[in-house]
Amino acid sequence: MVVHLVGAGPGDPELITLKAVKVLEKAEVVIYDRLANEEILKHAPHAKLIYVGKKAGEHYKTQEEINKILIDEAKAHDEVVRLKGGDPFVFGRGGEEVLALQEEGISVDMIPGITSAIGVPTTIGLPVTHRGVATSFTVVTGHEDPTKKEKQVKWDYTADTVVVLMGIGQIAENTQEMMKYRDPETPVCVIEKGTTPEERIITGTLENISKKDINPPALLIVGNVVDVYKKMKK
Ligand SMILES: C[S@@+](CC[C@H](N)C(=O)[O-])C[C@H]1O[C@@H](n2cnc3c(N)ncnc32)[C@H](O)[C@@H]1O
């Protein structure tokens, strides 16, 4: 019994690794979250498919329930794939699942995916670092667990580029916080449903971006690299 923890990439079904396709082809079970493109599941024609993501109007599975499904399926089958959007270890709770499986003596094979945090800006021609403009970047959640006793996200990051995931619901609060440490005129780019046919790109500044029409899933890139994107030929 082995569980392959696999990153599916940011949306475009061709942005998955060959290694991921190989394990999907021999999978007996695929346990997956909401994927930007379910076409990826076609690589697993023989597998039982178990969806554990959110469904409108329905209770969605807790992490404990997902861990239990993973453990039960791994004990009953030789080849199980746990498929997650982007990279499993970037805001994907992949680490928690690995620890839960290993505690039960189940081996886990980890296959990275292209994270939306970098892959989505790259596909539109927005580099997160650029010589003379940005020598560092930070990836941060824009939606911290509200049950946490103390906030870990402080918005005082010193990196030149800040990429915010899961930040659309609280975009006004987050940009307000960032303006305590950055110029309100700092350029911002939002990419909605990146790498998919519904992709939308919205640009603005820290001060005005929250007033624009933006829908999740989307990410924000904050910093002067947005000006480099504006110069690139489309
Ligand atoms: C729970 S996190 C998972 C991130 C994933 N593990 C990764 O590496 O890309 C989900 C967030 O990723 C971002 N995201 C994922 N796919 C995206 C896409 N195709 N376009 C824009 N943002 C995306 C959004 O900010 C979304 O709220």
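That block above? That's the structure.
A brief report on the enclosed structure follows. Computed from a prediction, not measured in an experiment: that's the story for all the values here.

Calculation criteria
- Residues take numbers from 1 onward in each chain, read along the sequence in its written order.
- The model is predicted, so local features are restricted to residues of pLDDT at least 70 and side-chain atom pairs to those at 80 or more, both for listing and for counting; the totals for chains, interfaces and linings are taken over all residues.
- Each side-chain value is derived from all of the structure's non-hydrogen atoms; neither hydrogens nor water enter the calculation.
- One requirement defines pairing of two strands: DSSP has to find at least two bridges between them.
- A run of H or I in DSSP becomes a helix once it reaches four residues, and a run of E becomes a strand once it reaches two; helices and strands are each numbered from the N terminus.
- Note on definitions: angles span 0 to 180 degrees between N-to-C directions of axes, and those axes are lines fitted to C-alpha atoms, for helices only across the stretch in contact.
- By definition in these notes, contact holds between two residues if any of their heavy atoms fall within 4.5 Å.
- Residues are classed as near a molecule or strand on a simple rule: at least one heavy atom within 4 Å of it.
- Polar contacts, as counted here, are pairs of nitrogen or oxygen atoms within 3.5 Å of one another; within protein the pair requires one atom able to donate a hydrogen and one able to accept it, and residues that are adjacent in sequence qualify only if both atoms are side-chain atoms.
- Accessible surface area values rest on a Shrake-Rupley calculation with a 1.4 Å probe, where residue burial reflects the displayed protein chains alone.
- Partly exposed residues are those whose accessible area sits between 20% and 50% of the maximum for their type, while under 20% is buried and over 50% is exposed, using a 1.4 Å probe and protein chains only.
- Note: the arc covers the axis-to-C-beta directions of the helix.

Notes on the sheet that holds strand β1 (residues 2-7)
Taken in spatial order, the 5 strands make up an open sheet running β3-β2-β4-β1-β5, and their pairing is parallel. The strands lining the two open edges of the sheet, one partner per strand, are β3 (48-51) and β5 (107-111). Strand-to-strand twist of the sheet, defined as the mean angle between neighbouring strand axes without regard to direction, takes the value 20°. For β1 and strand β4 (residues 79-84), the ladder comprises 6 bridges, and the chain directions are parallel. Counted as the bridge partner of V2 is E79 from β4. Strand contacts of helix α3 (residues 94-103): β1, β4 and β5, with the helix running at about 155° to β5, the strand carrying the most contacts.

Some remarks on the site of the ligand
V90, T115, S116, G194 and A218 are the nearest of the 17 residues found near the ligand. One of the backbone N or O atoms of D87 is found 2.9 Å from an oxygen atom in the ligand. Between an oxygen atom of the ligand and a side-chain N or O atom of S116, the distance comes to 2.7 Å. In isolation the ligand offers 570 Å² of accessible surface; the protein chains occlude 83% of this area. Secondary structure elements with two or more residues in the shell around the ligand: α4 (116-124) and β10 (218-222).

What to know about helix α1 (residues 18-25)
Of all the positions in α1, only A20, V21, V23 and L24 are classed as buried. Around the axis of α1, the buried residues are gathered within 170° of arc, so they sit on the same side. Away from its buried face by more than 90 degrees, α1 exposes L18, K19 and K22. Looking at the buried positions of α1, the neighbouring elements they touch are β1, β2 (29-32), β4 and β5.

As for unusual backbone geometry
What you tend to see is this: most non-glycine residues have negative phi, and most peptide bonds are trans. Here P216 and P217 are connected by a cis peptide whose omega angle stands at -5°. Inspection of the secondary structure puts P217 in the loop between β9 (200-205) and β10. Here F91, not a glycine, exhibits a phi torsion of approximately 45°, which is positive. With a relative accessible area of 41%, F91 lands in the partly exposed category. The backbone of M166 shows a phi angle near 55°, a positive value even though the residue is not glycine.

Some points on the environment of K230
With respect to the secondary-structure elements, K230 resides in helix α6 (residues 225-231). Separated by 105 residues in sequence, K230 and G125 place their C-alpha atoms 8.8 Å apart.

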